[in-house]
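Chain by chain, the residues run as shown.
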Amino acid sequence: MRSETMEQELEMQDRNLDELSQSVGTLSRLGREIKSEIEDQNSMLNDLEDAVDQNLEGMSLITKKTTDLVNKAGGKRWCALIAGLSVVIVVLLYLIIAL
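Residues numbered from 1 in each chain as written. Predicted model: local features only at pLDDT ≥ 70, side-chain atom pairs only at ≥ 80, totals over all residues. Heavy atoms only, no water.

Novice: For this particular structure, what's the right way to read a negative patch on the surface?
Specialist: Residues Glu4, Glu7, Glu11, Asp14, Asp18 and Glu19 make up a contiguous surface patch of negative charge. In this structure, Glu7 sits in helix H1 (residues 2–72). A relative accessible area of 48% means that Glu7 is categorised as partly exposed. (Patch = residues over 30% accessible without salt bridge, like charges linked within 9 Å, V, L, I, M, F, W, Y side chains within 5 Å. Areas by Shrake-Rupley, 256 points an atom, 1.4 Å probe, with all protein chains shown as cover. Salt bridge = Lys/Arg side-chain N within 4 Å of Asp/Glu carboxyl O. Lys, Arg positive; Asp, Glu negative; His and termini not counted. Charge placed at Lys NZ, Arg CZ, Asp CG, Glu CD. Helix = DSSP H or I, 4+ residues; strand = E, 2+ residues; numbered from the N terminus. Buried < 20%, exposed > 50% of the residue type's maximum accessible area, 1.4 Å probe, protein only.)

Pasting the structure below:
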């Protein structure tokens with residue numbers, strides 16, 4: 001009787017160990033998949049960072065050239081005049097359309 005009980009306990013332990021082994025295998029596979037996904041996303045983030053850096057360099061160059069052009073064209077005074085005239089045109093168009 002005692003040996004039957006021990007055999008049953010051993011069988012139960014074997015089943016539990018089999019289930020545990022399957023769970024560990026599943027976790028291992030999931031861990032590898034997560035690692036692969038993280039590596040892929042990290043690579044995409046690096047590519048995005050490089051593209052942003054290139055665009056920032058381009059924007060800096062354009063901003064410098066625009067600033068130089070504004071300064072050569074008379075500076076902020078002309079920009080303010082153009083902005084003011086644009087507002088006047090918008091107001092006149094609104095009055096014409098409203099009437």
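Novice: Would you explain H1 in this entry?
Specialist: Its 71 residues place the ends of H1 103 Å apart at the C-alpha level, agreeing with the 105 Å of an ideal helix rising 1.5 Å per residue. Of the residues flanking the end of H1, it is Gly74, one or two places downstream, whose phi is positive at about 120°. (Expected span 1.5 Å × (residues − 1).)

Novice: Explanation requested: the pattern of salt bridges in the structure shown.
Specialist: Pairs may arise between side chains of opposite charge once their charged atoms sit close together. Summed over the entire model, instances satisfying the criterion amount to three salt bridges. One salt bridge in this structure joins Glu39 and Lys35, with 3.3 Å as the shortest N-O distance. Of this pair, Glu39 and Lys35 are both found in helix H1, four residues apart, which corresponds to roughly one turn of the helix. Salt-bridge contacts for Lys64 lead to Asp68; the nearest nitrogen and oxygen are separated by 3.3 Å. With Lys64 and Asp68 both in helix H1 and four residues apart, this pair spans about one turn of that helix.

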